[in-house]
Amino acid sequence: MEQKETVFWTQLKEDMIAAASSLGIDKLRVTTADTFTELKERLIRHRELGHESGFEEPDLDLRTEPKRLMPEARSLIAIAVAYPSRLIDPPVSEPGKRRGILSRSAWGEDYHQALRRRLAKLSEWILERVPEAKLMSMVDTGALSDRAVAERAGIGWSGKNCSIITPEWGSWVYLGEMLTDLPLPPDRSVLDSCGDCTLCIDACPTGALVGPGQLNSQRCISFITQTKGIVEDEMMVKIGNRLYGCDTCQIVCPVNRKIDTRHHPELLPDPEVAKPLLRPLLTMGNREFREKFGMGSASWRGRKPIQRNALIALGNFRDVESVPDVAAVLRDDPRPVLRATAAWALGRIGSPDAKENLRNAQSTEKDDEVLLAIERALSAPETGRKRK
Ligand code: SF4
Ligand code: SF4
């Protein structure tokens with residue numbers, strides 16, 4: 001490796017950047033494999049404040065020191081792939097046929113697959129030119145922070161909404177990286193262009209953005225929609241009709257406006273998956289779930305969170321037409337989390353038959369948490385609206 005001249009590595013990197021689009025990669029940049037010292041300090045503070053989601057790699061040394069993953073590492077290659085941000089002719093959500101919404105990042109093929117395929121092609125491309133190269137690819141679930149790597153490599157700047165914002169594709173990008181022992185020349189980081197703007201912080205429905213670039217994951221809807229337990233009442237109201245993830249702090253970002261990338265066919269959304277009807281989700285079996293959502297990243301936690309969020313959405317729509325379906329979950333579903341959420345949804349709908357179903361369930365329910373949810377739901381004011 002060392003015998004090769006600097007000029008060889010400079011040329012290799014330029015060729016790699018030029019080849020990126022033929023590999024399905026929209027942006028490729030390089031940084032060193034040095035420790036992310038400032039990130040480590042931030043992550044320690046983040047943990048002390050209790051702001052972690054719990055989905056992260058717990059070992060902060062592994063997250064911030066690339067050489068712990070590959071002792072001979074010299075460089076990190078960061079990649080970005082742009083995804084669509086709009087639905088063409090989105091299906092209408094109307095009374096009796098209410099719809100939920102998935103985060104844009106979960107609209108097309110699971111991005112872990114999409115990026116791994118591209119990183120595998122990039123590995124082949126590198127190994128054809130440097131057969132002795134050592135390479136290690138990561139997407140999302142790897143130890144390193146995709147965002148920290150992308151920021152230092154110059155893919156984009158780290159916005160106040162905690163997203164990496166590329167000048168070309170906004171924050172509608174998937175990120176991945178490759179650790180290597182190749183001594184590639186590093187790129188410069190991108191100038192932070194948030195300026196005085198605070199639109200994302202102001203728009204966050206839960207106050208999860210506790211400061212510029214500081215996220216309390218415990219209050220972030222994106223994280224909460226992926227949990228499996230009973231959600232606090234306050235948060236259920238804020239979830240609205242989101243079934244998976246939350247895009248609010250990206251939608252309001254002025255850089256993202258008018259950006260809608262549609263050049264990767266496998267990332268294009270099926271509107272019936274991106275914005276599905278809620279009521280059929282309540283009775284969906286595992287097979288049906290895999291058929292409908294299995295190709296996308298929203299399926300990684302199984303069907304329960306999506307079904308729970310569908311109940312929350314029907315409650316938030318105060319969809320009186322859905323009372324029989326929600327009541328059937330409360331009566332028949334074997335999962336206490338779903339029964340408790342159904343009770344909350346019926347309380348929020350608040351119609352006379354919603355209340356009647358709650359009273360009926362009260363006499364047969366055995367689970368303490370569900371009984372508590374029924375009690376709270378019954379104390380919610382009745383809306384007086386009858387089911388049509
Ligand atoms: S994803 Fe949603 S809840 Fe989370 S910080 Fe952004 S706007 Fe707030
Ligand atoms: S909304 Fe404004 S402050 Fe937030 S990330 Fe976008 S440009 Fe930065």
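An unreviewed UniProt entry annotates the protein as tRNA epoxyqueuosine(34) reductase QueG originating from Cohnella herbarum.

Take the packing of aromatic side chains next. If you walk through the whole model with that rule in mind, you get seven aromatic pairs. Judged by centre distance (6.2 Å) and plane angle (70°), the rings of Tyr83 and Trp172 are edge-to-face. Of this pair, Tyr83 sits in the loop between strand E2 (75–82) and strand E3 (101–102) while Trp172 sits in the loop between strand E6 (164–165) and strand E7 (173–180), placing them 89 residues apart in sequence. Of the residues examined, Tyr83 reaches a relative accessible area of 3% and is grouped as buried. The class for Trp172 is buried, based on a relative accessible area of 3%. Arranged with centres 5.5 Å apart and planes meeting at 40°, the rings of Phe289 and Phe293 form a pair that is tilted. Residue Phe289 and its partner Phe293 are located together in helix H13 (residues 286–293), separated by four residues, close to a single helical turn. The residues Phe289 and Phe293 share a single accessibility class, namely buried. Taken together through their ring pairs, the aromatic side chains of Tyr83, Tyr111, Trp172 and Tyr174 make up a single cluster. Positioned above the aromatic ring of Phe8 is the side chain of Lys4, whose terminal nitrogen or guanidinium carbon lies 5.3 Å from the ring centre.

A few words now on the site of ligand 2. By nearness alone, every residue bordering ligand 2 is listed as Gly159, Lys160, Asn161, Ile165, Cys194, Cys197, Leu199, Cys200, Cys253 and Pro254. For the shell around ligand 2, the per-class residue count stands at seven nonpolar, two polar and one charged. Here the shell around ligand 2 spans two domains, and each of domain 1 (1–88 + 109–180) and domain 2 (198–260 + 271–379) adds at least three residues to it.

With that settled, consider the site of ligand 1. For ligand 1, the full set of nearby residues is Cys204, Pro205, Thr206, Ala208, Leu209, Leu215, Cys220, Ile221, Cys246, Thr248 and Cys249. Partitioned by chemical class, the residues of the shell around ligand 1 number nine nonpolar, two polar and no charged.

Taken domain by domain, the protein holds domain 1 (1–88 + 109–180) and domain 2 (198–260 + 271–379). Averaged C-alpha coordinates put domain 1 and domain 2 at centres separated by 33 Å. Listed by partner, the interface residues are 29 residues for domain 1 and 34 residues for domain 2. On the domain 1 side of the contact with domain 2, Phe55, Lys160 and Trp172 bury the most area, a combined 28% of that side's loss. Connecting domain 1 to domain 2 are zero salt bridges. Put simply, domain 1 and domain 2 have ten residue pairs in polar contact (both at pLDDT 80 or more) between them. Considering only residue class, the side of domain 1 that touches domain 2 consists of eleven nonpolar, twelve polar and six charged.

Quick look at unusual backbone geometry now. Unusually for a residue other than glycine, Asp89 sits at a positive phi of about 45°. Phi is positive for Cys162, close to 75°, though the residue is something other than glycine. Within the secondary structure, Cys162 is located in the loop between strand E5 (157–158) and E6.

Moving on, we get to helix H5 (residues 111–129). Between the first and last C-alpha of H5 there are 27 Å, a value that for 19 residues agrees with the 27 Å anticipated at 1.5 Å per step. Looking at the buried side of H5, the elements it contacts are helix H1 (6–19), strand E1 (27–32), E2, strand E4 (135–138) and E7.

Let us look at the sheet that holds E4. Strand order in this open sheet of four strands is E1-E2-E7-E4, and the pairing throughout is antiparallel. Both outer strands of the open sheet, E1 and E4, are each paired with one neighbouring strand and no more. Each neighbouring strand pair of the sheet contributes to a mean axis angle of 20°, computed without reference to strand direction. With eight bridges connecting them, E2 and E7 associate as antiparallel partners. Bridging across to E7, Ala78 finds its partner in Glu177. Across the face of the sheet, H5 comes into contact with E1, E2, E4 and E7 while running at roughly 35° to E7. The strands that helix H6 (residues 146–153) touches are E1, E2 and E7; relative to E1, the one it contacts most, it runs at about 90°.

Here helix H14 (residues 303–317) crosses helix H16 (residues 336–349) at 10°, and the two axes come no closer than 7 Å. Considering the angle they form, H14 stands roughly parallel to H16. Contacts between H14 and H16 pair Lys304, Gln307, Arg308, Leu311, Ile312, Leu314, Gly315 and Asn316 from the former with Val337, Leu338, Thr341, Ala342, Trp344, Ala345, Arg348 and Ile349 from the latter. Classifying every residue of the contact of H14 with H16 by side-chain character gives nine nonpolar, four polar and three charged.

All told, the structure shown has 25 salt bridges when counted by the stated rule. One salt bridge connects Glu132 with Lys4, and the closest N-O pair in it is separated by 3.3 Å. Here Lys4 lies in the segment before H1 and Glu132 lies in the loop between H5 and E4, a separation of 128 residues in the sequence. Lys27 is the partner of Glu168 in a salt bridge, and the nearest nitrogen-oxygen pair spans 3.0 Å. Of this pair, Glu168 sits in the loop between E6 and E7 while Lys27 is found in strand E1, placing the two residues 141 residues apart along the sequence. A single salt-bridge network, built from bridges that share partners, covers Lys40, Asp61, Glu65 and Arg68.

Criteria and thresholds
- Residues numbered from 1 in each chain as written.
- Chains lettered and ligands numbered in written order.
- Predicted model: local features only at pLDDT ≥ 70, side-chain atom pairs only at ≥ 80, totals over all residues.
- Heavy atoms only, no water.
- Phe/Tyr/Trp six-rings, centres within 6.5 Å; stacked < 30°, edge-to-face > 60°.
- Helix = DSSP H or I, 4+ residues; strand = E, 2+ residues; numbered from the N terminus.
- Buried < 20%, exposed > 50% of the residue type's maximum accessible area, 1.4 Å probe, protein only.
- Lys NZ or Arg CZ within 6 Å of the ring centre and 35° of its normal.
- Near = heavy atom within 4 Å.
- Nonpolar A, V, L, I, M, F, W, Y, C, P; charged D, E, K, R; others polar.
- Domains from an automatic or database assignment.
- Contact = heavy atoms within 4.5 Å.
- Buried area = accessible area lost by both parts, 1.4 Å probe.
- Salt bridge = Lys/Arg side-chain N within 4 Å of Asp/Glu carboxyl O.
- Polar contact = N/O pair within 3.5 Å; in protein donor to acceptor, adjacent residues only side chain to side chain.
- Expected span 1.5 Å × (residues − 1).
- Pairing = 2+ DSSP bridges.
- Axes fitted to C-alpha atoms, helices over the stretch in contact; angles between N-to-C directions.
- Parallel < 35°, antiparallel > 145°, perpendicular 65-115°, else oblique.

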